[in-house]
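This is what each chain is made of:
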Amino acid sequence: MEKISVVISCYNEEKSIPLFYKEMERVRKKDFKDIEFEYIFVNDGSEDTTIDVIKELNKKDKKVRYISFSRNFGKEAAMYAGLEASEGDYVTLMDADLQDPPSILRKMYDAIKEENYDVVGTRRVTRKGEPKIRSFFARMFYKIINKMSEIEMVDGARDYRLMTRQVVDSIISMKEYNRYSKGIVSFVGYKTKWIEYENIKRVAGETKWSFWKLFKYALEGITAFSTIPLIISSIIGLIFCLVSFIIIVFIIVKTLIFGDPTSGWPSLACIIFFIGGIQLFSLGIIGQYLSKTYLEVKRRPIYIVKETEKSK
Ligand code: UDP
Ligand code: MG
């Protein structure tokens, strides 16, 4: 019998998990009579009773497995841990807040089985229920990153996707510390089908993504999958060299012809500030890459496990 692993990353989701489990079980009993399941709940260092809720489920239901981190490592790390632990022939990643509807899982499974896809991803076509300003920045981000990176990032793509074992193994083989999963899945490639749906509000609790967290995540995406910013700062540097060379020649000629009355201090001060700014900006860009490299070179573990269902 074939097996599907459902990986659910959970950070402070005590209210959502029971609702998620109920809905997932309903769908499983209705649509997947012929398929075995395992649910892997990854507790990403929650501060509430999430782990107790999961353990409770594990006692009742043998299908429920769990991995509990020693602290909050972020959703990327949680998904990675889930993928590593998964044993199914197919693996799907879901949020605990039911924003990734289990009801379309059968459709995704059929696309893999009957249409020979390797991955079925989901996309939100609307961003309803999200702050306007957040949607605006998200759109901008996708425009920018798709110009800068050779890898295509799909706007509105969610982490909710169903993958074959082969795809999962490819993703696991990417052991980078700075994980940007949208880039990673595009990087590994494979034949992908997209299913679209409208944004759904989370069932309980609150979003864990502050604007600042999202901003840092966006920078992660850019530095992890593009080196264009480095090229841009080199080009700006080159242009400035050329311009200053022309100005130097101009000033020499002017002084030779008209003499040298001292003037132009304000403009000089402006130029110094401007160039100083550009230099710091470029240094900052280089620093971003350097810091990512630094973390990568340290080879720290992506996550640390405190306990699992096996460690009883
Ligand atoms: N999540 C996580 N670790 C974190 C932040 C979030 O495992 O540090 C989980 C969270 O529990 C949820 C999923 O990632 O299951 C998506 O988070 P959320 O719903 O807050 O994000 P949004 O849907 O608002 O983008
Ligand atoms: Mg959510």
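Residues numbered from 1 in each chain as written. Chains lettered and ligands numbered in written order. Predicted model: local features only at pLDDT ≥ 70, side-chain atom pairs only at ≥ 80, totals over all residues. Heavy atoms only, no water.

1. Examining the packing of aromatic side chains
So, point 1. Considering all chains together, one arrives at 17 aromatic pairs under this definition.
So, point 2. Ring geometry for Tyr-90 against Tyr-109: centres 5.5 Å apart, planes inclined by 85°, an arrangement best described as edge-to-face. Here Tyr-109 lies in helix H4 (residues 105-115) and Tyr-90 lies in strand E4 (residues 90-95), a separation of 19 residues in the sequence.
So, point 3. Exposure remark for Tyr-109: the relative accessible area of 4% places this residue in the buried category.
So, point 4. When the centroid spacing of 5.8 Å and the interplanar angle of 20° are considered together, the rings of Trp-212 and Phe-215 count as stacked. Residue Trp-212 and its partner Phe-215 are located together in helix H8 (residues 211-225), separated by three residues, close to a single helical turn. (Phe/Tyr/Trp six-rings, centres within 6.5 Å; stacked < 30°, edge-to-face > 60°. Helix = DSSP H or I, 4+ residues; strand = E, 2+ residues; numbered from the N terminus. Buried < 20%, exposed > 50% of the residue type's maximum accessible area, 1.4 Å probe, protein only.)

2. Observations regarding the site of ligand 1
So, point 1. Surveying the vicinity of ligand 1 reveals 18 residues, the closest of which are Glu-13, Asp-44, Asp-97, Gln-99 and Lys-208.
So, point 2. A distance of 3.0 Å separates an oxygen atom of ligand 1 from a polar atom in the backbone of Ala-96.
So, point 3. Protein chains shield 91% of the accessible area of ligand 1, which is 530 Å² for the free molecule.
So, point 4. Among the residues forming the shell around ligand 1, the class breakdown is four nonpolar, five polar and nine charged. (Near = heavy atom within 4 Å. Polar contact = N/O pair within 3.5 Å; in protein donor to acceptor, adjacent residues only side chain to side chain. Areas by Shrake-Rupley, 256 points an atom, 1.4 Å probe, with all protein chains shown as cover. Nonpolar A, V, L, I, M, F, W, Y, C, P; charged D, E, K, R; others polar.)

3. Some words on helix H9 (residues 228-258)
So, point 1. The terminal C-alpha atoms of H9 lie 44 Å apart, and with 31 residues this matches the ideal 45 Å at 1.5 Å per residue to within 8%.
So, point 2. Backbone geometry just after H9 places Gly-259 at a positive phi near 80°. (Expected span 1.5 Å × (residues − 1).)

4. A few points about the pairing of strand E6 (residues 157-164)
So, point 1. Buried residues dominate E6, accounting for eight of its eight residues.
So, point 2. Direction of pairing for E4 relative to E6: antiparallel, over a ladder of three bridges. Within the sheet, the bridge partner assigned to Val-91 lies in E6 and is Met-163.
So, point 3. Two strands pair when backbone bridges link them, and strand E5 (residues 119-124) and E6 are joined in this way by four bridges, in the antiparallel orientation. Counterpart to Arg-123 in the pairing with E6 is Ala-157. (Pairing = 2+ DSSP bridges.)

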